[in-house]
Amino acid sequence: MHPLLEIKNLKTYFETENGTVRAVDGVDLAVNEGDTLGIVGESGCGKTVLALSIMRLIPMPPGRIVSGSIIIDGVDLVRLKEGEMRSIRGRDISMIFQEPMTSLNPVFRIGDQIAEAVKQHLGLSGKDAMDRAVEMLRLVGMPSPGDRIRDYPHQMSGGMRQRVMIAMAISCNPRLMLADEPTTALDVTIQAQIIELINELKGEVGTSVVMITHDLGIIAEAAQNVAVMYAGKVVEYCSVVGLFSKPLHPYTTGLMESIPRGEGGYLKTIPGVVPSLYELPSGCSFQDRCSEVMGICREKEPQLIEKSSGHMVRCWKYV
């Protein structure tokens, strides 16, 4: 299939008083047209910074895209000026941010916030833009959308605010939608509704999706391919079927074993925490948490290799 988005050797660093943080450190990914790519990993692994890098929303300073390319339809977003990027952001690429209560402006009505992007990118007038906002709210299953456009964010539940964020993201029929933890802080029933909604809209609007989450259950339901990130790098990259049938990286295996299964007994966990990005160990970043660590793991960093057709892994076990 033709890739809509190609990310090549992307590096996004932050310069701080304590040193350089390599939040995204040499990531290579691709998203095919009409597909969903899942990106999974613990907090602090670089998932959100990757999405913000694609949107070119990294605060500079302290952040900067050091090297690499983000190519959509043959255009490298890294090379664009801010004015050129502003015309793409929201129209061709949109984003559902992690926390809708802090992403929505509390002093503007919902309808005005959706209509703003429509006016900017589709050139619609005030009334037509508001009609479009009502149509988008109806499309995402908002009850009484004609009334809800006059509400403020604080008048809505978490699930309703998340639907507003999705309505804003699809209002200009983007080619690519980045969903950063779209079900965070929602109850299980609403989570299922939001994932089902994104899947339905993907088919109706024809949008490709990058789904960022720590929940492998969401990946199983929503994605075709998946990248597992750890300490700013992709450590495993394959189809969802390949990941669940034969996970290769010890970190991926640990994530799988950490899923509650309702069988009683103790819940398995991965010992330790993600290392500080200020002081990454030499060699493999996962070495101190890995039950299969070898001497070479502490000496030399493994590269991402293709273990089987389409299944990439970054681990010395497979070299």
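Up top is the structure.
All values reported here derive from a predicted model rather than from experimental measurement.

Q: Explain the side chain of Thr252 to me, please; I cannot follow it from the model alone.
A: Structurally, Thr252 is set in helix α11 (residues 250–257). If sequence neighbours within four positions are ignored, Thr252 has contacts with Val228, Glu236, Leu243 and Pro247.

Q: Is there a simple way to think about helix α4 (residues 110–122) in this case?
A: Residues spaced three or four apart along an α-helix face the same direction, because each turn holds 3.6 residues. The terminal C-alpha atoms of α4, which comprises 13 residues, lie 18 Å apart, in line with the 18 Å expected from a rise of 1.5 Å per residue. Considered for burial, the residues of α4 that qualify are Ile110, Gly111, Gln113, Ile114, Ala115, Val118 and His121. Of the surrounding secondary structure, the elements contacted by the buried residues of α4 are α2 (82–88), α5 (126–139), α6 (145–148) and α7 (158–170). Following α4 by one or two positions, Gly123 has its phi on the positive side, about 70 degrees.

Q: How should the sheet that holds strand β2 (residues 19–32) be read in this particular structure?
A: Strand-to-strand pairing in sheets goes through backbone hydrogen bonds, with the strands running parallel or antiparallel. Taking strand neighbours across the sheet as the criterion, the four strands line up as β2-β1-β4-β5 in an open arrangement whose pairing is antiparallel. One side of each edge strand has no neighbouring strand; the edge strands of this open sheet are β2 and β5 (75–76). Direction of pairing for strand β1 (residues 3–16) relative to β2: antiparallel, over a ladder of eleven bridges. Along β2, the bridge assignment pairs Tyr13 with Arg22. Sheet contacts for helix α1 (residues 47–54): β1, β2 and β4 (63–72); angle to β1, the most-contacted strand, approximately 110 degrees.

Q: Got a minute to help me understand the pattern of salt bridges in this structure?
A: Side chains carrying opposite charge are able to pair once their charged atoms draw close together. Within the structure shown, the criterion is met by 17 salt bridges. Here Asp76 and Arg79 are joined by a salt bridge, their closest N and O atoms 3.7 Å apart. Since its relative accessible area comes to 59%, Arg79 is described here as exposed. Taken together, the salt bridges that share partners define one network made up of Asp25, Lys233, Glu301 and Arg314.

Q: For this particular structure, what's the right way to read unusual backbone geometry?
A: Trans is the common state for peptide bonds, and a negative phi is the common state for residues other than glycine. Note that the residue after Met60, namely Pro61, is joined by a cis bond; omega there is -10 degrees. Relative to the assigned elements, Pro61 resides in the loop between α1 and β4. Cis peptide bonds are those with omega within 30 degrees of zero, and the linkage from Pro61 to Pro62 qualifies with 10 degrees. As for its position among the elements, Pro62 is in the loop between α1 and β4. Even without being a glycine, Asp73 presents a positive backbone phi close to 55 degrees. One can find Asp73 in the loop between β4 and β5.

Calculation criteria
Residues numbered from 1 in each chain as written. Predicted model: local features only at pLDDT ≥ 70, side-chain atom pairs only at ≥ 80, totals over all residues. Heavy atoms only, no water. Helix = DSSP H or I, 4+ residues; strand = E, 2+ residues; numbered from the N terminus. Contact = heavy atoms within 4.5 Å. Expected span 1.5 Å × (residues − 1). Buried < 20%, exposed > 50% of the residue type's maximum accessible area, 1.4 Å probe, protein only. Pairing = 2+ DSSP bridges. Axes fitted to C-alpha atoms, helices over the stretch in contact; angles between N-to-C directions. Salt bridge = Lys/Arg side-chain N within 4 Å of Asp/Glu carboxyl O.

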